[in-house]
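What the coordinates show
As a plain string of letters, each chain reads:
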Amino acid sequence: MADETTPETPQDPQQPLLRVVSPDATPEEVAALVAVLSALGGAEPEAPRPRSQWAAPHRGVRRTLPHGRGAWRASGLPL
């Protein structure tokens, strides 16, 4: 009896994680159980996508426009 494995810790990665014990479970009940367990997750969350620079908050702030000779030309040039 010492070499028995417990069902909570599967040794083989190919071993199913879910086993239906009740013989009178309907396919709808099994599908509902699988849906609930898969909604709980267990997989790693996706890495967040890099934020687009078009949505960056600093783009909404207007910089001070230059003044003086050639200011209209300098206002269109990048910093």
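Residues numbered from 1 in each chain as written. Predicted model: local features only at pLDDT ≥ 70, side-chain atom pairs only at ≥ 80, totals over all residues. Heavy atoms only, no water.

**Digging into the overall build of the protein**
When its secondary structure is counted, the protein shows 2 helices and 0 strands. The 79 residues of the protein split such that 3% are buried. When the accessible surface of the protein is split by element, carbon and sulfur atoms take 59% of a total near 8200 Å². (Helix = DSSP H or I, 4+ residues; strand = E, 2+ residues; numbered from the N terminus. Buried < 20%, exposed > 50% of the residue type's maximum accessible area, 1.4 Å probe, protein only. Areas by Shrake-Rupley, 256 points an atom, 1.4 Å probe, with all protein chains shown as cover.)

**Some thoughts on a nonpolar patch on the surface**
A grouping of Leu18, Leu33, Val34, Val36, Leu37 and Leu40 is seen on the molecular surface, where their side chains present a nonpolar patch of about 530 Å² in accessible area. Classification of Leu18 by relative accessible area gives partly exposed; the value is 37%. (Patch = residues over 30% accessible without salt bridge, like charges linked within 9 Å, V, L, I, M, F, W, Y side chains within 5 Å. Salt bridge = Lys/Arg side-chain N within 4 Å of Asp/Glu carboxyl O.)

**Section: helix H1 (residues 27-40)**
For H1, built from 14 residues, the straight-helix expectation of 20 Å at 1.5 Å per residue is met to within 8% by its first-to-last C-alpha distance of 20 Å. Directly after H1, the chain includes Gly41, whose backbone phi takes a positive value near 100 degrees. (Expected span 1.5 Å × (residues − 1).)

**Here we look at the environment of Leu65**
Inspection of the secondary structure assignment puts Leu65 in the loop between H1 and helix H2 (71-74). On the accessibility criterion, Leu65 (40% relative accessible area) is partly exposed. Residues Leu65 and Ser75, 10 residues apart in the sequence, show an inter-C-alpha distance of 6.0 Å.

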